[in-house]
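The residues making up each chain are set out below.
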Amino acid sequence: MIIRENQTLGKLNTFGIDALARYYVELSSTEQMKEFLDLPEYRAVQKLVLGGGSNLLFTKPVLDCVVLKNNILGISKVKEDKDFVYIRSGAGENWHHFVMHCIENNYAGLENLSLIPGNVGAGPMQNIGAYGVELKDVFHELEALNLADLKTELFNSDDCRFGYRESVFKKEARNKYIITAVTFRLNKTPRFNTSYGAINQELEAMGVKELSIAAISRAVCNIRRSKLPDPAIIGNAGSFFKNPEVEEQKFVALQMQFPSIVGYPLENKKVKLAAGWLIEQCGWKGKTFGDAGVHDKQALVLVNHGKATGKEIYDLSQRILDSVKEKFGVELEREVNII
Ligand code: EPU
């Protein structure tokens, strides 16, 4: 266990923001994590757990805390029954690597979530989702270390209180636990989910005759690559904002004024609006301000073209928020964690 001081985090967050961590330590097992957290000299220091660094924005040049890089690896089958296999992954595994492992072994359910950046441990934090599937649909349970007593606790799906890009770990349990492992309940017989229109279109363009989880995964990868910037090339953290929910009445009123507005009816008499559309209508798509910018193919994604600071990206997000509020009377909420 090596504890470093003044570690630069530029390569450890997908936005590529060059913040400095006062202390930094990489931990590759729960035991190591406990051992570190038990050290008296760091007990009072604030902790920031870093996984793949794909859903956060550092807005300060120096983080006066200890950054714990969660490197717990290992994928194993814990049990199976007639219909399901239960696959456990260390929180530090790369998400896409884990998805590929499951597809290669014919464990179905994660294919629509292919190519999402980040690590497995961050998945439940914000209930990652894409192309008609959310993590909660295939979640079984997770193990998390309670920072107060250093004991491992089990969380089932109800305990996690999953919502749209939400969980208890972004609310009451925020900064109180470190997720160390996640177990998924995957189907032995696939149930294909191609409800998201673009998947069918892509499968057709690919000339796929027989549907398979591998084919869906390839289709999802193709769609993502065509719309979303690769963080290895252009710094970004995926969707910067959530798609906002408005009352049906409000949606109808907006539709009268803006007939091409994009919205998806929900069960609770609400409508989820495509934030990308709202932002594009305000004229932000493809705009750059220094090195901070809005992606030219998906207005929901803010990008760092090189040396943008976190503050510059944050300020841009605030201007976008204000303009959407002014034009549509709709309040956007950031999806990315602001640190
Ligand atoms: N749109 C525009 N202009 C844009 C972007 C989008 O008009 O610049 C409109 C289009 O009409 C499009 C609709 O918005 O049909 C929806 O766009 P898209 O299919 O790209 O999905 P999204 O709602 O913008 C969400 C997730 C993504 C996920 C995709 C696919 C959120 C905040 N984002 O984006 O998740 O990949 O659906 O399921 O829910 C992420 O969370 O980081 C992420 C990338």
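Residues numbered from 1 in each chain as written. Predicted model: local features only at pLDDT ≥ 70, side-chain atom pairs only at ≥ 80, totals over all residues. Heavy atoms only, no water.

Peer 1: Summarise the packing of aromatic side chains; cite the residues concerned and give the values.
Peer 2: Across all of its chains, the model carries 15 aromatic pairs by this definition. Ring centres of Tyr23 and Tyr42 lie 5.3 Å apart, and the angle between their planes is 80°; this geometry places the pair in the edge-to-face category. With a gap of 19 residues between them, Tyr23 in strand β2 (residues 20-27) and Tyr42 in helix α2 (residues 40-43) connect regions that are remote in the sequence. A relative accessible area of 22% places Tyr23 in the partly exposed class. By way of ring pairs, the aromatic residues Phe15, Phe240 and Phe241 are connected into one cluster. The ring of Phe289 has Arg319 lying over it, and the distance from NZ or CZ to the ring centre is 4.7 Å. (Phe/Tyr/Trp six-rings, centres within 6.5 Å; stacked < 30°, edge-to-face > 60°. Helix = DSSP H or I, 4+ residues; strand = E, 2+ residues; numbered from the N terminus. Buried < 20%, exposed > 50% of the residue type's maximum accessible area, 1.4 Å probe, protein only. Lys NZ or Arg CZ within 6 Å of the ring centre and 35° of its normal.)

Peer 1: Outline the sheet that holds strand β7 (residues 84-90), supporting the account with residue identities and numerical values.
Peer 2: Strand order across the open sheet formed by five strands is β6-β7-β12-β10-β11, with antiparallel pairing between neighbours. Whereas interior strands pair on both sides, the edge strands pair on one side only; in this sheet they are β6 (75-80) and β11 (152-156). Strand-to-strand twist in this sheet, taken as the mean axis angle between neighbours without regard to direction, amounts to 25°. As defined by bridge partners, β6 adjoins β7 across five bridges and the pair is classed as antiparallel. Within β7, the position partnered with Lys77 by the bridge is Ile87. (Pairing = 2+ DSSP bridges. Axes fitted to C-alpha atoms, helices over the stretch in contact; angles between N-to-C directions.)

Peer 1: Mind laying out the side chain of Asn13, listing which residues take part and the relevant values?
Peer 2: By secondary structure assignment, the location of Asn13 is in the loop between β1 (3-8) and β2. Polar side-chain contacts of Asn13 include one of 2.8 Å to the backbone oxygen of Leu9. Once you skip the residues sitting within four places of it in the chain, Asn13 turns out to touch Gly53, Leu56 and Phe58. (Polar contact = N/O pair within 3.5 Å; in protein donor to acceptor, adjacent residues only side chain to side chain. Contact = heavy atoms within 4.5 Å.)

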